[in-house]
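Examination of the molecular architecture
Here are the chains, one letter per residue:
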Amino acid sequence: MPNARLIEHNKTQFVKEIVELASGVWGAVGFAASCQYMVEGAHSVTIIDTSESTKAAQNVLDEFRQRCDKPVGRIIFTHAHRDHVSGASVFLGGRDIPILASKGFKSDLMAVDEATIAPNKALGRRTMAQFGIGLSGEERISLGCGPGDRPMDGLGAGFVPPTALIEGDCDIDLDGVHARLIMAPGETPDHMIVWLPDSGVLIGGDNWYHAFPNLYAIRGTPYRDFAVWAKTLDQMANIGAKVLGPGHTRPVFGVEQIREVLGTTREAMVHVMRETAKMMDEGASLDDIGAGVALPDHLATKPWLGEFYGKVGWSARAFAVGTLGWYDGNPTHLGAMSDHRRAVHTAQLAGGTDALMKAAQETDDLQWRLELCDHLITLEQPAQSLKAEAMIALAETEINATARNTYLWEAKRLIDAT
Ligand SMILES: [Zn+2]
């Protein structure tokens, strides 16, 4: 049975619904990996974020039309991640209207720059694994930040580049609705959030969602600056919003509740930074940091800090590497040996590859089984199915959707290769 809390998170956060945030402001939850918003103006509406596919965007537009059928007057992107920008063409409907984004906007949907040396194949594979692309809806359950089961037609197909890049905080008129665009670097440096002071609605992009923040994405991301993100959460908490419309998961209502969710998420980030720095000062290895840093009870028990999307241990590792790089201060690791050389030594110590295989089969510690299987596979021993079974077993206990999807996706790949 999959992790019950992950199933519950999917059921409570991603059921399809058009939610009225305030008079004339609606949010679409559960139709796509991300949420979309519509703000009604005098003669037109503004769409904030557009989903990851043309099919999901069309479903959302059809629902929005039932609330307000005024034409779309402009689109705002909170940031450039593909799950927010890929349904724009549907909302444009072939018309020439403004698309606003922050000056730092840089879509990863634009063509890969062949002149830059980058591990693009690895990124592609890990992205497929993290989001469980190719897994059944039942296997996937959830993306952590969105429903596992959602339309995939026209995935990435509807991106349209912004027509205007906003340089700094500014007030704009959304056809009679006063809005303030605020530069809010957080999950990405290009975040721009939308504050509607008259209705008290804050559209916060991915700087907050109902899950421990994805301070490190296992698909592979450069260092996300923890301190900058924490500062932005502080700013968002001080705005005094009555409704928070996140980039993923359901809206949050109430000034105090919004302060609480933003404040405790900020506190959790600061805690990870502080504890990781302390362990680094004490000379801890990356593995010990990953296994050792944990949230205190008063934060760990907050439902919105459940590790459905981001994970505390991965974040601690990311902070360590992001601040001082991979060397942990232990000179042993300066000359760390290759996997093959370590596998040869380990097999010798175990009394040969047969003994190593037996140990891998007999241990109840699934992580240890994976590590022994890796030695065996490196030594060209047939441990692929044993490794795949261990990954599937780990996936079933895992609360983190991206870990679950990756275990299942990689297990399939390993079984297919044997
Ligand atoms: Zn997102």
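Residues numbered from 1 in each chain as written. Predicted model: local features only at pLDDT ≥ 70, side-chain atom pairs only at ≥ 80, totals over all residues.

Scanning the chain from terminus to terminus reveals 16 helices and 13 strands. For a compact globule of 418 residues, the expected C-alpha radius of gyration is about 22 Å, and the chain comes in at 23 Å, within 12% of that figure. Projected onto its principal axes, the C-alpha positions of the chain cover 80 × 45 × 45 Å. Counting the 418 residues in the chain, one finds 45% classified as buried. Put simply, 70% of the contacts in the chain that link residues at least 6 apart link residues at least 24 apart. (Helix = DSSP H or I, 4+ residues; strand = E, 2+ residues; numbered from the N terminus. Rg over C-alpha atoms; globule rule 2.2 N^0.38 Å. Buried ≥ 20, exposed ≤ 12 C-beta atoms within 10 Å, placed from the backbone. Contact = placed C-beta atoms within 7 Å.)

Moving on to the environment of W195. Tracing the sequence through the fold places W195 in strand β10 (residues 192-196). Here the alpha-carbon distance between W195 and I182, two residues 13 residues apart in the chain, equals 7.5 Å. With sequence-adjacent residues up to four places away left out, W195 is seen in contact with A179, R180, I182, L202 and I239.

For the rest of this paragraph, the subject is the pairing of strand β4 (residues 45-48). Neither face of β4 is open: one carries V45 and I47, the other T46 and I48, and all of them are buried. In the sheet, strand β3 (residues 36-40) pairs with β4 via 4 bridges, with the strands oriented antiparallel. Across the sheet, V39 pairs through a bridge with T46, a residue of β4. In this antiparallel pair of consecutive strands, β3 and β4, the connection spans 4 residues. Taken together, the 4 bridges between β4 and strand β5 (residues 72-76) define a ladder with parallel strand orientation. By the bridge assignment, V45 is partnered in β5 with V72. (Pairing = 2+ DSSP bridges.)

To continue, consider the sheet that holds strand β8 (residues 170-173). Taking strand neighbours across the sheet as the criterion, the 6 strands line up as β8-β9-β10-β11-β12-β13 in an open arrangement whose pairing is mixed. Edge positions in the sheet fall to β8 and β13 (252-253), since each of these pairs with one other strand and no more. In terms of strand pairing, strand β11 (residues 201-205) meets strand β12 (residues 243-246) through 4 bridges, oriented parallel. In the sheet register, I203 faces β12, and the bridge partner there is G245.

The subject of this paragraph is the packing of helix α5 (residues 120-130) against helix α16 (residues 401-417). It is at 7 Å that the axes of α5 and α16 come closest, and there the two elements cross at 110°. Accordingly, the angle class assigned to the pair α5 and α16 is roughly perpendicular. Side by side, α5 and α16 meet where M128, A129 and Q130 of the first sit next to T402, N405, T406, W409 and E410 of the second. Grouping the constituent residues of the contact of α5 with α16 by class yields 3 nonpolar, 4 polar and 1 charged. (Axes fitted to C-alpha atoms, helices over the stretch in contact; angles between N-to-C directions. Parallel < 35°, antiparallel > 145°, perpendicular 65-115°, else oblique. Nonpolar A, V, L, I, M, F, W, Y, C, P; charged D, E, K, R; others polar.)

This part covers the domain arrangement of the chain. The domain architecture assigned to the chain consists of domain 1 (4-266) and domain 2 (332-417). Averaged C-alpha coordinates put domain 1 and domain 2 at centres separated by 37 Å. At the junction of the two partners, domain 1 supplies 16 residues and domain 2 supplies 10 residues. Mapped onto the side of domain 1 that touches domain 2, the elements with two or more residues apiece are α1 (4-13), α5 and α6 (137-140). The dominant element in the side of domain 1 that touches domain 2, judged by the number of residues it contributes, is α5, at 3 residues. (Domains from an automatic or database assignment.)

In any sheet, the strands associate via hydrogen bonds between backbone groups, in a parallel or an antiparallel arrangement. Across the sheet, which stays open at both edges, the 7 strands sit in the order β1-β2-β3-β4-β5-β6-β7 with mixed pairing between neighbours. In this open sheet, the two strands that pair with only one neighbour each are β1 (17-22) and β7 (164-166). Taking the axes of each pair of neighbouring strands and ignoring which way they run, one obtains an average angle of 25° across the sheet. The sheet contact formed by β1 and strand β2 (residues 25-29) spans 5 bridges and is antiparallel. When the bridges of β2 are listed, V19 appears paired with G27. Sheet strands touched by helix α2 (residues 54-67): β1, β2 and β3. Its angle to β2, the strand with the most contacts, is close to 150°.

With that out of the way, let us pick up the environment of F226. Tracing the backbone through its elements, the reader meets F226 in helix α7 (residues 226-238). Take F226: there are 21 C-beta atoms within 10 Å of it, and that puts it in the buried class. C-alpha of F226 to C-alpha of M269: the two residues are 43 residues apart in sequence and 6.8 Å apart in space. Excluding residues within four positions of it along the chain, F226 makes contact with L215, M269, M273 and F319.

On to the nonpolar core, then. Ranked by size, the top nonpolar core spans 88 residues in total, and within it V194 and L202 carry the most contacts. Other than its neighbours up to four places away in sequence, L202 contacts I193, W195, M236, I239, A241, L244 and G245. Membership of the second largest hydrophobic core comes to 20 residues, among which are A360, L386, A388 and A411. (Core = buried A, V, L, I, M, F, W, Y, C linked by C-beta atoms within 7 Å.)

So, on to α7. Between the first and last C-alpha of α7 there are 19 Å, a value that for 13 residues agrees with the 18 Å anticipated at 1.5 Å per step. Looking at α7, one finds that the buried residues are F226, W229, T232, L233, M236 and A237. Viewed end-on, α7 has its buried residues packed into an arc of 140°, placing them on one side of the element. Exposed and oriented more than 90 degrees from the buried face of α7 are A227 and N238. Those residues of α7 that are buried are in contact with β11, α8 (255-281) and α11 (312-324). In the stretch just after α7, G240 is the one whose phi turns positive, near 85°. (Expected span 1.5 Å × (residues − 1). Arc of directions from axis to C-beta.)

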